[in-house]
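Coordinates in review
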Amino acid sequence: MGGIYAILSPKKLNVINQVLRGLKLLEFRGFNGSGVAIPFDGIAVYKDAQRIDYVSEKYGLNKISSWIVLGHTRYATHGKPHIDNTQPHTDCTNRIAVVGDGAIANYEALKDAVIINGHKVISRCDFEIVAHMIEDNIRKDYDLLSSFRNVVKSLDGFYSMVALDSKCKCFVAYSHGPSLYVGVSSDYIVISSGRGAMYGVVDKYFKLEKGEMALVSDSGIVVETVDGSRVTKDFKNIDIDSRYVDKDGYPHNMLREIYEVPESLLRTLYSVQEKYLSFAARLVIDAEKIFMIANGTSLHAAHIGSYYFSELAGVTSVVVSAAEFPLYHVDNVGPGTVVVAISQSGETSDVLSSVFEAKLRGATILGLTNYIGSRLANLSNLYLPIGAGPEIAIPATKTFTSTLLLLYLIALKAGRVGGRISEEEYRNRLRDVRRFSEELSMNMARIEEQANEAAKKIASCRSGYIISRGLTYPLALEGALKFKEAAYIHAEGVEAGEFKHGPQTIIEKGIFSVFIMPVEKQALESTYNLVSMAIEKESTTIVIGFESDAKITEVGGATKVLIPYTQRHLAPIALAIPLQFIAYKLGVILNRPIDAPRYLSKTVH
């Protein structure tokens with residue numbers, strides 16, 4: 001994963017400074033590796049597992065002159081942060097350089113084929129194989145565009161990429177999901193993963209849609225589909241507020257990262273190689289005991305994961321805070337125990353100390369982390385990437401939903417390995433994830449608008465509850481945490497069945513009640529009774545649920561945030577979005593430092 005920035009000047013102007021600036025502005029897409037490829041005699045690559053400022057100083061890039069440069073800033077998903085895994089990657093003849101964003105799902109099989117064909121594969125990065133595959137096609141007398149077209153037809157996954165050919169001094173760009181933009185001005189043509197990075201360099205741009213490729217040279221831009229049909233693109237003006245170019249045009253990283261959730265889900269889906277997912281499923285099925293340990297947002301995800309494990313795989317897991325695990329649970333750990341350790345950063349001290357103690361006692365560690373260069377990844381017997389991409393804002397959003405999806409994938413695979421789920425059902429559920437992501441993407445702006453109205457109502461309240469039950473109960477805990485982090489407003493997550501056992505005593509005017517409607521029929525019916533009670537007692541009442549629930553439309557006196565229906569195992573992911581938007585909007589209304597709340601840090605030591 002990472003940020004792509006390719007630039008050429010038809011007027012043959014030096015573009016080094018522009019590419020360095022562009023990569024700096026794309027560091028929110030990746031920051032543990034960066035590099036550039038420049039066509040001289042063949043291709044010269046300057047890269048390291050460091051930020052672009054370091055790479056520039058190391059190689060004296062500001063002293064180099066070139067009118068065409070391919071750049072990349074990396075977030076590691078295949079291969080840990082290392083100079084060899086840093087992009088750009090080149091073919092064996094040093095004619096072709098490639099950079100990519102996203103993940104190639106069939107990387108393992110393609111890598112084996114590339115090696116059998118005699119290529120020397122240096123990295124563990126999935127996009128290196130593309131350079132070698134293009135090389136093979138060029139050897140068969142295909143031109144660059146035809147070679148590139150043949151290669152992408154062999155790839156599966158969620159990715160975009162750009163190839164530089166040192167012979168023709170041109171780029172070929174292709175999107176199979178992740179955003180890729182082409183911008184133009186009188187002096188430059190730019191290909192970028194983000195619109196903000198093009199600000200001040202180009203005047204107009206267009207977006208490459210899924211399945212489109214662009215040939216970019218000093219003669220101009222040609223856009224085609226994979227089958228060779230010519231595409232006419234309409235250019236748009238760069239309409240980004242100059243204050244927010246480092247956040248790709250968004251006023252806060254948190255808002256940008258909420259909007260990235262649909263794309264991050266697909267990144268997660270394709271980042272996990274099938275082989276390693278099968279290993280994880282086998283660990284879960286064969287375990288004598290399973291503990292799931294985490295802190296904060298990851299702990300809430302673990303609670304939902306335990307529902308997945310129970311229902312889909314028939315496995316019971318003990319979910320416990322990593323801070324509590326060494327106090328009362330670690331002595332029950334031994335050979336045959338699997339500890340599922342979850343940490344977005346992979347550096348949470350309580351998680352690491354618990355993992356260390358569990359390993360001493362013979363436990364097997366399955367680590368789930370968004371940063372595969374972390375200590376958790378190094379300590380784990382097997383780790384899986386959350387694959388959400390970098391998350392800058394302290395309130396976790398896309399890493400939470402991607403962690404939920406990863407836990408769902410593990411449970412699904414364990415159910416398949418254990419014989420509880422057929423191969424057909426397994427494949428259908430994976431297709432459901434892809435469709436769900438696409439539908440969610442189309443509805444994000446509408447959900448944000450409804451969430452804004454809910455936030456306006458809550459902003460005048462002094463405190464409140466977030467209530468749910470069953471599979472979505474842990475969302476109430478997560479939503480309360482988001483309200484505290486992003487808006488500094490007190491909220492308590494409550495299980496709906498416990499609401500009458502004390503919490504309802506303070507329900508009144510000035511107290512908000514946010515109801516996440518459960519996905520279980522019995523729980524849904526009883527929760528509606530609580531909604532009626534909250535409205536009757538003049539609590540500011542918010543109802544979050546599905547548009548397909550006819551009963552929601554009958555509820556008067558409540559503000560509603562409704563989302564399209566999805567199958568119930570994906571419901572916690574879908575219903576998390578309104579909560580994240582409401583928390584963000586509350587922070588804006590109350591003028592909070594949303595991305596960096598006081599006293600908090602992204603990694604808790």
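Residues numbered from 1 in each chain as written. Predicted model: local features only at pLDDT ≥ 70, side-chain atom pairs only at ≥ 80, totals over all residues. Heavy atoms only, no water.

Naming follows an unreviewed UniProt entry, where the chain appears as glutamine--fructose-6-phosphate transaminase (isomerizing) of Ignisphaera cupida. On record in UniProt, under Catalytic activity (unreviewed entry), the comment for the chain is "D-fructose 6-phosphate + L-glutamine = D-glucosamine 6-phosphate + L-glutamate". (UniProt positions renumbered as here; feature names shortened; annotations may be inferred.)

**Observations concerning the overall build of the chain**
When helices and strands are counted, the chain shows 18 helices and 24 strands. Relative to its length of 605 residues, the chain is compact, with a C-alpha radius of gyration of 25 Å against a globular reference of 25 Å. In terms of overall dimensions, the chain has C-alpha extents of about 75 × 55 × 45 Å along its principal axes. Here the chain holds 605 residues, and 62% of them are scored as buried. In the chain, the proportion of contacts linking residues at least 24 apart, taken out of those at least 6 apart, comes to 72%. Surface summary for the chain: the accessible area is close to 22,600 Å², and the carbon and sulfur share equals 47%. (Helix = DSSP H or I, 4+ residues; strand = E, 2+ residues; numbered from the N terminus. Rg over C-alpha atoms; globule rule 2.2 N^0.38 Å. Buried < 20%, exposed > 50% of the residue type's maximum accessible area, 1.4 Å probe, protein only. Contact = heavy atoms within 4.5 Å. Areas by Shrake-Rupley, 256 points an atom, 1.4 Å probe, with all protein chains shown as cover.)

**Some remarks on the state of the cysteines**
Here is the idea: a disulfide is a covalent bond, and it sits between the sulfur atoms of two cysteines. Following the criterion strictly, the structure yields one disulfide and no others. At a sulfur-sulfur separation of 1.9 Å, the disulfide partner of Cys168 is Cys170. Here the disulfide of Cys168 and Cys170 is left-handed, its torsion about the S-S bond being about -55°. Judged by relative accessible area, Cys170 falls into the buried class, the value being 4%. Cys92 supplies the cysteine sulfur nearest to Cys125, a cysteine that is in no disulfide, at a spacing of 15 Å. Given a relative accessible area of 3%, Cys125 falls into the buried group. (Disulfide = S-S within 2.5 Å.)

**Considerations on the layout of surface pockets**
In this structure, the largest pocket encloses a volume near 1,000 Å³. Forming the walls of the largest pocket are 40 residues, and the residues nearest its centre are Ser179, Tyr181, Lys207, Glu263 and Ser441. Only strand 11 (204-207), helix 6 (253-259), helix 7 (261-271) and helix 14 (423-458) provide two or more residues apiece to the lining of the largest pocket. Broken down by element, the residue count for the lining of the largest pocket peaks at five residues, all from helix 7. Grouping the amino acids of the lining of the largest pocket by side-chain chemistry returns 15 nonpolar, nine polar and 16 charged. (1 Å grid on protein atoms, 1.4 Å probe; cavity = no way out; pocket = protein on both sides within 12 Å on 5 of 7 lines; lining within 4 Å. Points joined across faces, edges and corners; volume = space filled by probe spheres on them. Nonpolar A, V, L, I, M, F, W, Y, C, P; charged D, E, K, R; others polar.)

**As for unusual backbone geometry**
Here Gln87 and Pro88 are connected by a cis peptide whose omega angle stands at 10°. Topologically, Pro88 is positioned in the loop between strand 4 (68-74) and strand 5 (89-90). With a phi angle near 65°, Lys12 is a residue other than glycine that sits in the positive phi range. Mapped onto the secondary structure, Lys12 falls in the loop between strand 1 (2-8) and helix 1 (16-25). Even without being a glycine, Asn94 presents a positive backbone phi close to 60°.

**Notes on the nonpolar core**
Of all hydrophobic cores here, the largest spans 96 residues; its most connected members are Ile466, Phe483 and Ile582. Examining the composition of this core, we find that 12 residues originate from one element, helix 18 (residues 571-589), more than from any other. The residues touching Phe483, leaving out its near neighbours within four places in the chain, are Ile458, Ile466, Tyr488, Ile489, Ala491, Phe512, Leu579, Ile582, Ala583 and Leu586. (Core = buried A, V, L, I, M, F, W, Y, C linked by side-chain atoms within 4.5 Å.)

**Points about the UniProt feature "domain: Glutamine amidotransferase type-2" (unreviewed entry) in the chain**
The UniProt record marks residues 1-219 with the feature "domain: Glutamine amidotransferase type-2" (unreviewed entry), using the residue numbering of this structure. With 22% helix and 33% strand, residues 1-219 has end C-alpha atoms that lie 30 Å from one another.

**Thoughts on the sheet that holds strand 13 (residues 220-225)**
One open sheet accounts for six strands, arranged 5-6-7-8-12-13; its pairing is antiparallel. A strand with exactly one partner marks an edge of an open sheet, and here the two such strands are strand 5 and strand 13. Where strand 8 (residues 170-176) lies against strand 12 (residues 212-217), four bridges are found, and the strand directions are antiparallel. Looking at the pairing, Val172 lines up with Leu215 of strand 12. (Pairing = 2+ DSSP bridges.)

**Overview of empty space enclosed by the protein**
Per the counting criterion, the structure on display carries one cavity of 30 Å³ or more. The space that makes up the largest cavity amounts to roughly 60 Å³. If you go around the largest cavity, the residues you meet are Phe436, Glu439, Leu440, Ile563, Pro564, Tyr565, Thr566 and Ala574. With three residues, the top contributor of residues to the lining of the largest cavity is helix 14. Class assignment of the residues belonging to the lining of the largest cavity gives a composition of six nonpolar, one polar and one charged.

**Examining the UniProt feature "domain: SIS" (unreviewed entry) in the chain**
Under the UniProt annotation, the feature "domain: SIS" (unreviewed entry) is placed at residues 280-420 and 454-597. Helix makes up 47% of residues 280-420 and strand 19%, with an end-to-end C-alpha separation of 16 Å. Across residues 454-597 one finds 42% helix and 19% strand; the C-alpha atoms that close the span lie 22 Å apart.

**Digging into the sheet that holds strand 23 (residues 540-546)**
Here we have five strands laid out as an open sheet, ordered 21-20-22-23-24, and parallel in their pairing. Looking at strand neighbours, the two that pair on one side only are strand 21 (492-495) and strand 24 (559-563), the edges of this open sheet. Averaged over all pairs of adjacent strands, the angle between their axes in this sheet comes to 20°, without regard to strand direction. Note: strand 22 (residues 511-516) against strand 23, five bridges, orientation parallel. Its bridge partner lying in strand 23, Phe512 is registered against Thr540. Relative to strand 22, helix 16 (residues 521-536) is tilted by about 160°, and along the sheet it contacts strand 22 and strand 23. Across the sheet, helix 18 lies against strand 20 (463-468), strand 22, strand 23 and strand 24, angled at about 145° from strand 23, the strand it touches most. (Axes fitted to C-alpha atoms, helices over the stretch in contact; angles between N-to-C directions.)

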